[in-house]
Amino acid sequence: MITFIVAIAVLIAGYFLYGRFIERFFGADSGSKTPAVSMADGVDFIPMPAWKIFIIQFLNIAGLGPIFGAVLGAVYGPAAYIWIVLGCIFMGAVHDYFSGMLSIRKNGASLPELVSTYLGNGTKVFLRFFTLILLIFVGVAFVSGPARLLETITGGGYVVWLYVVFAYYILATLLPINKIIGRIYPVFGVLLLLMAVLIGGSLLLKGANGSLHLTELSFYSLSQAATGQHAHLLFPVMFIVVSCGAISGFHATQSPMMARCMKNEKHGRPAFYGAMIAEGIVTLIWATAAMNYFGNTDGLHSVLAHHDPAWVVNEISRSWLGQTGAVLAIIGVIVCPITTGDTAFRSARLTVADIFSFSQASVKNRLIVSIPIFVLGFVLTFVL
């Protein structure tokens, strides 16, 4: 339990200490006029409160990484703590902060246009293509995934749920950001964080009363990470599975979206750096729960050989939190990919609009950009 508590404390300290250092290094200026104010268009450039930007950013970047990635990464045992904590503080959060703040300084520019300022036109052309393909693929992945989860939970048809999810994505892409995303994300974000807090509280309570033995980080546990009953190579496989501490190109496509809604540069640290730290905390909670619920990492590995991470999340939630926990688990497992998929398509629209310097103030212009994207996404949904 000591390792878990220390890891959480270090992440929080990292936000206040290293996060503040990064903010000073960048030179965030509360008096500087941001694009949300100077370029407000009522669609994508809309000033929003700092707390709402934080929640939207958190859900945008989270996906299923801090839940499913944590469960899969837990097979590496306590070694995962090192990567999650140090990766989030010194890599992921720094990267997300700078990608968002540089976008603010460049009038809300999307990733390819932002990179061209520093790496030239050749890199810009490559990233335009690569980023657009990445965003569409992410959107497609998070259409079919939630549709299958909803089919399993409700017993409804997969194709029906596919159309429902796709319809929502179209609306979330076309409508002003404060109409759907700005209204439902805070609710989803609170539910997701509540689920993590309840699981984390259960870990502490069970660890304190002795009903659950939490594996501690030690030189022995590190030495066994790749030599136990089930070998799990630390380098480089763990860094791919436990991606929540990594520098994420996808995160870099999401930060400019919130850069267009930030009223004050000083809100960047809680929104960009803080969202990554929050993702790290959620990851730690689920990694610790999965690592210890089945006795040890070998037990978790045996379970994962027959069940997917969604089953593990549901099993832990139902066992520790009862029916309420099961409901929260279901919401989390469905909401996380949906709230990443919709902004992936929205970011794709913004990327195309930036490439052609095409105003998105009118619905007609947004349709011109969005229709080809969704046609391609729809086709890929049935192909991939």
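First things first, this report covers the structure right here in the doc. (Residues numbered from 1 in each chain as written. Predicted model: local features only at pLDDT ≥ 70, side-chain atom pairs only at ≥ 80, totals over all residues. Heavy atoms only, no water.)

### Quick word on the nonpolar core
Link 1 in the chain: One finds Tyr 169, Tyr 273 and Trp 286 to be the most contacted residues of the largest nonpolar core, which totals 110 residues.
Link 2 in the chain: If one sorts the elements of this core by residue count, helix H16 (residues 309-355) sits on top with 16 residues.
Link 3 in the chain: Trp 286 has contacts with Pro 66, Ile 67, Ala 70, Met 195, Ile 199, Val 313, Ile 316 and Ser 317, leaving out every residue within four places of it along the chain. (Core = buried A, V, L, I, M, F, W, Y, C linked by side-chain atoms within 4.5 Å. Buried < 20%, exposed > 50% of the residue type's maximum accessible area, 1.4 Å probe, protein only. Helix = DSSP H or I, 4+ residues; strand = E, 2+ residues; numbered from the N terminus. Contact = heavy atoms within 4.5 Å.)

### Concerning the side chain of Glu 23
Link 1 in the chain: With respect to the secondary-structure elements, Glu 23 resides in helix H2 (residues 18-26).
Link 2 in the chain: Overall, Glu 23 belongs to the buried group, its relative accessible area being 8%.
Link 3 in the chain: If near-sequence neighbours (up to four positions away) are discounted, Glu 23 is found in contact with Ala 28, Tyr 97, Lys 266 and Arg 269.

### Some points on the environment of Asp 308
Link 1 in the chain: Tracing the chain through its elements places Asp 308 in the loop between helix H15 (297-304) and H16.
Link 2 in the chain: Taking the C-alpha atoms as reference points, Asp 308 and Ala 246, separated by 62 residues in sequence, lie 23 Å from one another.

### Concerning empty space enclosed by the protein
Link 1 in the chain: All told, the structure shown has two cavities of 30 Å³ or more when counted by the stated rule.
Link 2 in the chain: Looking at the largest cavity, its volume works out to about 80 Å³.
Link 3 in the chain: In terms of lining residues, the largest cavity is bounded by Ser 110, Leu 111, Pro 112, Thr 131, Leu 135, Thr 253, Pro 256, Met 257, Arg 260, Ser 347, Leu 350 and Thr 351.
Link 4 in the chain: Listed by contribution, the elements that provide at least two residues to the lining of the largest cavity are helix H7 (111-119), helix H8 (121-154), helix H13 (249-259) and H16.
Link 5 in the chain: Class assignment of the residues belonging to the lining of the largest cavity gives a composition of six nonpolar, five polar and one charged.
Link 6 in the chain: Quantified by volume, the second largest cavity comes out at close to 30 Å³.
Link 7 in the chain: Residue lining of the second largest cavity: Phe 188, Leu 191, Leu 192, Leu 328, Ile 331, Gly 332 and Val 335, and that is the complete set.
Link 8 in the chain: Residue assignment for the lining of the second largest cavity shows that the elements contributing at least two residues are helix H10 (181-209) and H16.
Link 9 in the chain: Split by residue class, the lining of the second largest cavity holds six nonpolar, one polar and no charged. (1 Å grid on protein atoms, 1.4 Å probe; cavity = no way out; pocket = protein on both sides within 12 Å on 5 of 7 lines; lining within 4 Å. Points joined across faces, edges and corners; volume = space filled by probe spheres on them. Nonpolar A, V, L, I, M, F, W, Y, C, P; charged D, E, K, R; others polar.)

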